[in-house]
Amino acid sequence: LIPQQKIASLAIDPDNVTVAVSQQFTSLVAVDLGGREINGIDAVIHYDPSLLEVVESANGDLFENLLVNEVDSVNGIISITASRISPDSQPITINGVLAAITFQALTQGETTVEFVFDPTQTNTSNVTEAKTSDNILTTVSNATITITPQ
C-alpha cells in the first residue's frame, strides 16, 4: 500500500467578501497541516494597494508571536513569518490561524488577496515540516474582494 500523501495548505478565509467603500473587514490566514507536524510558516500575501489598505496584521492562535509581520503598502505585500526553532519547542500539530489581517476598502472595484507561492522557491509562502525541514505547502486558496459604492 502507498501511504496517503498528507499535505499542508494555506487559505485566506473567507474566500469571498463583499464590502462597501471605506468599510473594514478581517481576513484570516488559515493553516491546514494535513496531519503533519510543523515548526515554521512563511506567508507572503499580495493585495492591490489602490483598492485595499491594511489597517492591522495581528497574530493568530498557532504561534506565540510572529517573527516577521511587515506590510509594504506601496507594493501591496504582507510578509508574515512564525517559527518554533528553539531545541525545547514542541512542533505545532493542530490546524489554526496564523494571522488576522484587517483591511479597509478604499475605492470601488474587484480584487484578490492572494498568496505569493512557488513550490520551487524558498522566498515565497511555505510551511516547514518539523522532522525534515521540508516545505510541505502544496496548495493555497486566495480570496476575491468585491468593493461596492458607499
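Structure report, in brief. (Residues numbered from 1 in each chain as written. Predicted model: local features only at pLDDT ≥ 70, side-chain atom pairs only at ≥ 80, totals over all residues. Heavy atoms only, no water.)

Here the focus is the overall build of the chain. On a plain count of helices and strands, the chain comes out with zero helices and twelve strands. Relative to the 2.2 N^0.38 estimate, which gives 15 Å for 150 residues, the radius of gyration of the chain is 16 Å and therefore close to what a compact globule would have. Structurally, the chain occupies a C-alpha span of about 55 × 35 × 25 Å along its principal axes. A total of 150 residues make up the chain; the buried ones form 39% of that total. Put simply, the chain shows about 7,900 Å² of open surface, and 47% of that area lies on carbon and sulfur atoms. Looking at the chain, you have 4 positive and 18 negative side-chain charges, and the mean spots of the two groups are 18 Å apart. (Helix = DSSP H or I, 4+ residues; strand = E, 2+ residues; numbered from the N terminus. Rg over C-alpha atoms; globule rule 2.2 N^0.38 Å. Buried < 20%, exposed > 50% of the residue type's maximum accessible area, 1.4 Å probe, protein only. Areas by Shrake-Rupley, 256 points an atom, 1.4 Å probe, with all protein chains shown as cover. Lys, Arg positive; Asp, Glu negative; His and termini not counted. Charge placed at Lys NZ, Arg CZ, Asp CG, Glu CD.)

With an omega of 0°, the peptide bond between Asp-13 and Pro-14 qualifies as cis. Along the polypeptide, Pro-14 turns up in the loop between strand 1 (8-13) and strand 2 (16-20). A positive phi angle is found at Ser-22, which is not glycine, with a value near 80°. Relative to the helices and strands, Ser-22 resides in the loop between strand 2 and strand 3 (24-32).

Turning our attention to the sheet that holds strand 8 (residues 96-105). Pairing in this open sheet of five strands is mixed, and the strands run 5-8-3-1-11 from one edge to the other. This sheet does not close on itself; its edge strands, each paired only once, are strand 5 (52-59) and strand 11 (137-141). This sheet shows a mean twist of 20° between the axes of neighbouring strands, independent of strand direction. In the sheet, strand 1 pairs with strand 3 via five bridges, with the strands oriented antiparallel. Counterpart to Leu-10 in the pairing with strand 3 is Val-31. (Pairing = 2+ DSSP bridges. Axes fitted to C-alpha atoms, helices over the stretch in contact; angles between N-to-C directions.)

Bringing the nonpolar core into the picture now. Counting 38 residues, the largest nonpolar core has Val-29, Ile-41, Ile-45, Leu-52, Leu-98, Phe-103 and Ile-145 as its most contacted members. In terms of residue count, strand 8 provides more of this core than any other element does, five residues in total. Not counting residues within four places of it along the chain, the set of residues in contact with Ile-145 comprises Val-17, Val-19, Phe-25, Leu-52, Gly-109, Glu-110, Thr-111 and Val-113. (Core = buried A, V, L, I, M, F, W, Y, C linked by side-chain atoms within 4.5 Å. Contact = heavy atoms within 4.5 Å.)

What follows is about the pattern of salt bridges. One pass over the full model with this rule turns up three salt bridges. Linking Glu-129 and Arg-36 is a salt bridge whose minimum nitrogen-to-oxygen distance equals 3.2 Å. Note that Glu-129 is positioned in strand 10 (residues 126-129) and Arg-36 in the loop between strand 3 and strand 4 (38-46), a separation of 93 residues in sequence. In this pair, the class of Glu-129 matches that of Arg-36, namely buried. Glu-64 is paired through a salt bridge with Arg-84; the nearest N and O atoms lie 2.9 Å apart. Of this pair, Glu-64 sits in the loop between strand 5 and strand 6 (68-72) while Arg-84 sits in the loop between strand 7 (77-83) and strand 8; the two residues are 20 residues apart in sequence, bridging distant segments of the chain. (Salt bridge = Lys/Arg side-chain N within 4 Å of Asp/Glu carboxyl O.)

Turning our eyes to something else, we now look at the pairing of strand 6. Strand direction decides the pairing type here: strand 6 and strand 7, joined by five bridges, are antiparallel. In the sheet register, Val-68 faces strand 7, and the bridge partner there is Thr-81. Linking strand 6 back to strand 7 in an antiparallel pair, the connection comprises four residues, with Gly-76 at a positive phi of about 70°.

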